Amino acid sequence: KDVSEEMIAEFGRRRRSWIRRGRLAALHTLLTRLRRLGIAPLRLQPEAGPIEKIELDFATFLRSERALSTATVTNYCPIARLFMVERFAAGSVDLERLCAVDIHEFILRHSRLCRPKRMQLTLSALRSFLRFLYLRGRIATPLADHIPAVACWRLGEPPKWLDADAIERTLACCDRRSATGQRNYAILILLARLGLRAGEIVLMELDDIRWETGEISVCGKGSQRKRFPLPDDVGQAVAKYLKNGRPSCRSRRVFLRLRAPYRGLGNSSSLDAIVSRALSRAGIDPPSKGAHLFRHSLATNMLHNGATLTEIGQILHHKSPNTTAIYAKVDLSGLRALAQPWPGEKA
């Protein structure tokens with residue numbers, strides 16, 4: 001009856017040679033089961049402090065009033081918490097003391113460590129948090145107006161991509177005899193053949209696969225449903241995983257975790273990790289190793305094989321042609337035809 005998280009942590013420290021990957025997680029799962037059966041006492045939740053309460057109010061505001069997705073709330077709240085922790089670490093939380101100097105100091109500290117895209121997310125979260133405080137009357141000044149923009153221009157650099165041979169080498173490195181390899185191969189071939197986003201694969205459910213018509217339905221950006229044809233090799237890979245590799249459980253998600261409790265993959269980062277490990281096994285070291293690399297590669301290889309930007313936009317389900325325009329940067333033959341001679345150069 002004395003089993004607790006602290007006891008498991010102490011056991012892990014004493015038996016470091018015994019502990020392997022997944023064993024501590026299994027002990028925590030056992031503790032959860034014992035609590036549900038009433039054998040182990042429930043854990044006493046510590047009272048939320050002022051920072052935790054503000055963070056919870058902010059999360060509720062984002063969900064109920066802004067109607068933002070769970071992923072956005074998950075990204076924004078830790079940044080708001082970090083801002084409050086750094087500002088009020090030495091004393092009580094007094095939001096009325098916030099000023100523009102606090103914002104600028106926070107931005108300067110983190111801008112040295114973040115890439116432009118990450119800094120954009122940080123500033124967007126901070127801007128949303130300060131607007132929330134102003135709307136709730138917690139601060140008297142609209143401090144969100146003091147947050148600068150990040151110099152991160154669209155189309156600033158060409159997309160990172162892999163050629164068709166590198167894609168096939170990455171797919172071939174999966175050990176399709178194991179359940180892990182079957183799952184990872186099915187995920188990679190969905191990325192490579194259909195150009196799906198990582199989040200679309202994570203949220204995919206069994207009912208989204210329509211075997212009779214050879215189609216697959218995915219939940220894309222803005223919770224909009226998109227339909228894709230299911231190529232033979234993709235269908236065979238997914239079917240093999242569902243038949244031989246997927247554990248039996250109540251979850252309707254297509255792709256599950258490898259260890260109990262079996263449930264859907266957590267987020268897009270899980271697919272980024274799968275892609276990164278597959279590239280490493282294949283001996284490929286591109287500048288970008290996330291799941292979006294396969295989406296860029298599909299579009300770029302289509303362009304090299306004669307597809308138009310309009311056709312690529314239809315395959316990738318882009319709403320605006322401007323989104324597809326980034327792939328014009330990799331069409332070197334087309335760009336050479338548009339290039340003007342350098343001033344003073346002989347014709």
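Before reading on, note that the structure itself is shown above.
Residues numbered from 1 in each chain as written. Predicted model: local features only at pLDDT ≥ 70, side-chain atom pairs only at ≥ 80, totals over all residues. Heavy atoms only, no water.

Draft legend 1. Seen up close, the overall build of the protein. Of the regular secondary structure elements, the protein holds 15 helices and 3 strands. For the protein, the residues scored as buried account for 36% of the 347 residues in total. Within the protein, counting contacts between residues at least 6 apart in sequence, those at least 24 apart form 58% of the total. For the protein, the accessible area works out to roughly 21,400 Å², and carbon and sulfur atoms hold 52% of it. (Helix = DSSP H or I, 4+ residues; strand = E, 2+ residues; numbered from the N terminus. Buried < 20%, exposed > 50% of the residue type's maximum accessible area, 1.4 Å probe, protein only. Contact = heavy atoms within 4.5 Å. Areas by Shrake-Rupley, 256 points an atom, 1.4 Å probe, with all protein chains shown as cover.)

Draft legend 2. Region of the structure containing unusual backbone geometry. In this structure, the amide linkage connecting Ala260 to the following residue, Pro261, adopts the cis form with an omega of 0°. Among the secondary structure elements, Pro261 is positioned in the loop between α10 (232–245) and α11 (268–281). Of note in the backbone geometry, Ala67 takes a positive phi value of approximately 55° without being a glycine. By the element assignment, Ala67 lies in the loop between α3 (50–64) and α4 (70–87). For His317, which is not glycine, the phi dihedral falls at a positive 60°. Mapped onto the fold, His317 is located in the loop between α13 (309–316) and α14 (321–324).

Draft legend 3. Main features of the packing of aromatic side chains. Within this structure, the stated rule accounts for 6 aromatic pairs. Pairing Phe58 with Phe129 gives two aromatic rings, centres 5.1 Å apart and planes at 75°, and the pair type is edge-to-face. Residue Phe58 is located in helix α3, and its partner Phe129 is located in helix α6 (residues 116–135); the two are separated by 71 residues in the primary sequence. Overall, Phe58 belongs to the buried group, its relative accessible area being 0%. One aromatic cluster in this structure is built from Phe58, Phe61, Phe129 and Phe132. The aromatic ring of Tyr185 is capped on one face by Arg176, whose charged end is 3.9 Å from the ring centroid. (Phe/Tyr/Trp six-rings, centres within 6.5 Å; stacked < 30°, edge-to-face > 60°. Lys NZ or Arg CZ within 6 Å of the ring centre and 35° of its normal.)

Draft legend 4. Representation of the sheet that holds strand β3 (residues 225–229). Read across the sheet, 3 strands follow the order β1-β2-β3 without closing on themselves; strand pairing throughout is antiparallel. The open sheet is flanked by β1 (209–210) and β3, the only strands paired with a single partner. (Pairing = 2+ DSSP bridges.)

Draft legend 5. Examining the pattern of salt bridges more closely. The final tally for this structure, using the stated rule, is 14 salt bridges. Salt-bridge contacts for Arg252 lead to Asp207; the nearest nitrogen and oxygen are separated by 2.9 Å. With Arg252 in the loop between α10 and α11 and Asp207 in the loop between α9 (198–202) and β1, this residue pair connects regions lying 45 residues apart in the sequence. Its relative accessible area of 42% is what places Arg252 among the partly exposed residues. Residue class for Asp207 comes out exposed when judged on its relative accessible area of 53%. (Salt bridge = Lys/Arg side-chain N within 4 Å of Asp/Glu carboxyl O.)

Draft legend 6. Inspection of the side chain of Ser217 at higher detail. In this fold, Ser217 is placed in strand β2 (residues 215–219). Among the polar contacts listed, one links the side chain of Ser217 to the side chain of Arg225, at a separation of 3.4 Å. Beyond its immediate stretch of four places on either side in the chain, Ser217 contacts Asp208, Arg210, Arg225, Lys226 and Arg227. (Polar contact = N/O pair within 3.5 Å; in protein donor to acceptor, adjacent residues only side chain to side chain.)

Draft legend 7. Quick peek at the environment of Phe83. Relative to the helices and strands, Phe83 resides in helix α4. Residues Phe83 and Ile51 lie 32 residues apart in sequence; the distance between their C-alpha atoms is 10 Å. If sequence neighbours within four positions are ignored, Phe83 has contacts with Leu98, Asp102, Ile103, Phe106, Leu126, Phe129 and Leu130.

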